[in-house]
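Structural description and commentary
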Amino acid sequence: MATLELAINEGIAAPPVQRARRLGPLFWMAIGWVALVFAVAILAPVLPMPSPTDMDMLERRAPFSPDHWLGTDGLGRDELARLIYGARISLVVGLCAPVIGLTIGGALGMLAGYFRGRFEALVVGSMDVLLAFPPLILALAVTAYLGQSILNLTLILGVLGIPAFMRVARASTLTLARREFVIAAEALGATHARILLRELLPNVMLPLLAFFLLGVAVTIVAEGALSFLGLGVPPPIASWGSMIGEGRESLDVAPRLAFIPAIAMFLTVLSFNLVGDTLRALTDPRQGAL
Amino acid sequence: MSGSALLSVEDVAVDLPTPRGNLRAVDHVDLSVGAGRTLGIVGESGCGKTMLSRAILQLLPKKARLSGRVMFDGQDLARCDASALRKLSARSLAVVFQDPMTSLNPVLTIGTQLIETLQAHLELDTASARKRSVELLAAVGIPAPEQRLSQYPHQLSGGMRQRVAIAIALSCEPKLLIADEPTTALDVTVQAQILDLLAREQRRRHMAMILITHDLGVVAGRTDEVAVMYAGRVVERAPTTALFKTMRMPYTEALLAAIPKLEAAPHTPLPAISGRPPDPTRPLHGCSFSPRCRYVDGRCRQEKPALSDAESPDHQYACFHPIRIAVGGVT
Amino acid sequence: MQDATHFQGLDPILKVENLVVEYAVGGKTIHAVSDVSLQIARGETLGLVGESGCGKSTLGRAVLQLRPAVSGRVLFDGEDLTALRGEALRRMRRRVQLIFQDPIASLNPRRRIGDIVAEPLVIAGYKDSRERQELVEEVLNAVGLDPALVTGRLPHEFSGGQCQRICVARALVLKPEFIICDEPVSALDVSIRAQILNLLEEMKGRYGLTLLFIAHDLAVVKAVSDRVAVMYLGRLCEVGPSEQLFANPAHPYTALLIEAIPVPDADVRPCESVAIGEPPSPITPPSGCRFRTRCPRADQRCATEVPELRLVAPGQYAACHHPLA
């Protein structure tokens, strides 16, 4: 009498809740700003504006005008052009440096969380050493030894970001590696590589990516600070940080020279934070990964 | 029901707004339990029994909407304000949850939790509260109670933790104890001990008790009355003996039949209930059990059967085709 | 002891010999499995029952070499699994599979069902994707799921019962000989449990499987097992044919377990449990018979001498100095 009741007519759960409802207007404004910054940064060479390095000594600290939409800086260079070229620096360094952290830190974190034991202790220990190292001293040392350049700046900030990504990846891996689906893969005879790549990585990737966006925001600020201190990109390359630094001298006469790049940085960092935060909330384990 | 009920749940419904639509977790439930009596609420996950207990205790999530009345000792709990509710529930209503690891604060010692409760609700000084705590722990069967006061929940086994949770619940001499799946997370030998403990304390204190569980075996020997819930409604309600001997609902019958019995020979095929409980955000026309019922017909799919007690006042069921035969012998 | 678990003379597909599994937690050693030996005959279902902490899950994992054993051997079809490494071990895994307690956690939340069920085939080296697809569809149909509705979706779209069916499908796709079911129905609702138990029985018949069924619920274990082994705190207490063991338990712990089961019959009044206290910690198990601290029949001998499994009735063995008559 008792037979296996075929579940062919069993209902399957309705498709997941529309996520769009969680993304408020603030999120879309942030996305809009980031898109704008990307657009002008990419299109900078073809935009019809003066060169950011052309100095016009007669028009120093000029107010807003049709020729110079945002005026000129202390050396007569067009503010808007410098702002836009500064955005390129911020984005390049802001995106590339965390990528170093994401790949190296993420890999180390996953391996440490998966293999545990002495390897983990070694990784965590060395990350602690790196964290304890004063970042400014490192920046000074690298620029003194290797010189100032965008590449070196990116490397410094990238390396400094590795411990944070390692922590995120390791924490995520520790929770997941004990779950039954990983043991199931092991029981099927999957190699470690397969488990790490096919089972763990897709799950660890989400918190890592959300953290990446926050890392972009932090890196932009860090680059700004280093450039402000003269340790970042060398002049005459425009960077928001160096613009703020140069604007310091004109604070009483033309405060806009410092504030405009500061506002640009503020908006960009805020937008990346908002997007990163929203994505983190969406990839909360309660939503997707049960 | 005869007698004056200590707790009377009248036409209670709980609605939860969810992104997928309104979720009716509890659908117009009427229940009552008198002093010294035990009511068992049986149902599977998603039937609404936990939401019902939260509704009684006024512990519903903020977004939930409660309608109906929860009459406890003459007062409607749903209409009480926060401070009146606190005073009332502290002294008269107690609850024991399923997982003692999460119902006890992991960073406070057992002693702190017990003493704090006693001080807050009975206004005892520390020394008397401490003495009373030791007595309570001993009463619930915890050996070496003085040592336990300084231990943390994680240092105790699951059964011990649940005993502590029961001690905290009983500390203020409640009139009604709600036990929400108190033994589901415990081993079967410990389960028996905990249920014995609850029964003993109930008899001693002449307490009313509501025992919520998914296990028909647990209610069989330890309750006076049983209410079976399915998809947010009470579908059958009867004194325990009557329920098992003359059950009327096909769901109750199917549930009982699906439990492997110790007396049955190995490899006896189990009469499984096909399908699964309905999605609460998409309530069905007609009877909620109709897609899975072996006695279903057209009427069942169109009309929702109301809870009726046509046969006998004590035994209510919601079905157009109640099972007529008494349960006895092999199904 | 060697003959302890023969089943009507059929050849044993699995032999566990004196298995000891321990693991360290925060400086202390947990004696999870202490000197357990048993045999499972081809085509039978052995139920392994015990409460939490008895080591039954650890034993299941140790048999599959997912947990290192301190000592002892596991012989599968004559081959010593404890001595296998690398590729040989991986090849063995195709013949022995595992089904877990939490069906939803057993599936990778970021992978589609089709990929999950095909994974064993990929690992085993089936290169042809069409062949894999056919095998996946075949096994999904066998467990009662429509492949068209199921393969493209993610695990969280399914209920617990459906997820467990998917897990069963995954375990069957390589057509293994032996499946260890580790509490496969404990996390499921009562009405779904029966469905999954029926499914397991049907699959066993269809694929000619041997099962090791681990659970804490005696009635569930009895419903599917030919023989049952009872474990307590890392040791076997009693082994015997299901009907016989439950009708006439010889070990006091088995009797205690049986008596503690809540019976869904209103006429049966539960008597006050005779169990004393709680199971002791597996870090410091009692000397001699580990059950003696809770046993109403314990005496001095139980504290000093570890009881061995001895024949107490045809096919039934109990490790007790004072077995029940």
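These numbers come from a predicted model, not from an experiment.

**Describing the packing of helix α2 (residues 79-115) of chain A against helix α3 (residues 117-132) of chain A**
All names here are of chain A. One can describe the packing of α2 onto α3 by two numbers: an axis separation of 7 Å at closest approach and a directional angle of 145°. You can see that α2 and α3 cross each other, and the crossing is left-handed. Residues L108, L111, A112 and F115 of α2 touch α3, and the partners they reach there are G117, F119, E120, V123 and V124. Considering only residue class, the contact of α2 with α3 consists of seven nonpolar, one polar and one charged.

**Some thoughts on the interface of chain B and chain C**
Taken together, the 42 residues of chain B in the interface contact 42 residues of chain C. At the level of elements, α7 (158-170), α8 (188-205), α9 (216-222), α10 (240-245) and α11 (250-258) of chain B are the ones that each hand at least two residues to the side of chain B that touches chain C. For the side of chain B that touches chain C, the element with the highest residue contribution is α8 of chain B, accounting for seven residues. Of the residues in the side of chain B that touches chain C, the class split is 21 nonpolar, 13 polar and eight charged.

**Details of the sheet that holds strand β8 (residues 208-213) of chain B**
Residue and element names in this part refer to chain B. Read across the sheet, eight strands follow the order β6-β7-β8-β3-β9-β10-β12-β11 without closing on themselves; strand pairing throughout is mixed. Looking along the sheet, the strands with just one partner apiece sit at the ends: β6 (93-96) and β11 (308-312). Looking at each pair of strands side by side, their axes are set apart by 20° on average, direction ignored. Alignment of β6 against strand β7 (residues 176-180), held across four bridges, turns out to be parallel.

**Looking at the nonpolar core**
Residues V228 of chain B together with V117 and F213 of chain C are the most contacted members of the largest nonpolar core, which totals 261 residues. Per-element tally for this core: the top contributor is helix α7 (residues 192-228) of chain A, with 13 residues. Of all hydrophobic cores here, the second largest spans twelve residues; its members include A139, L160, L226 and V233 of chain A.

**With respect to the sheet that holds strand β5 (residues 79-80) of chain C**
The four strands are arranged β2-β1-β4-β5 (chain C) in an open sheet whose pairing can be described as antiparallel. Strands with a single pairing partner mark the edges of an open sheet, and in this sheet they are β2 (28-41) and β5 of chain C.

**As for the confidence of the model for chain C**
Residue and element names in this part refer to chain C. Here chain C shows a mean pLDDT of 88. Residues at 70 or above account for 95%. Confidence over residues 1-8 falls short of pLDDT 50; this stretch has 16 contacts with residues more than four positions distant or in other chains. Across the assembled chains, the prediction reports ipTM 0.85 with pTM 0.85.

How each quantity is defined
- Residues numbered from 1 in each chain as written.
- Chains lettered and ligands numbered in written order.
- Predicted model: local features only at pLDDT ≥ 70, side-chain atom pairs only at ≥ 80, totals over all residues.
- Axes fitted to C-alpha atoms, helices over the stretch in contact; angles between N-to-C directions.
- Helix = DSSP H or I, 4+ residues; strand = E, 2+ residues; numbered from the N terminus.
- Left-handed = near helix turned anticlockwise from the far one by under 90°.
- Contact = placed C-beta atoms within 7 Å.
- Nonpolar A, V, L, I, M, F, W, Y, C, P; charged D, E, K, R; others polar.
- Pairing = 2+ DSSP bridges.
- Core = buried A, V, L, I, M, F, W, Y, C linked by C-beta atoms within 7 Å.
- Buried ≥ 20, exposed ≤ 12 C-beta atoms within 10 Å, placed from the backbone.
- pLDDT = per-residue confidence, 0-100.

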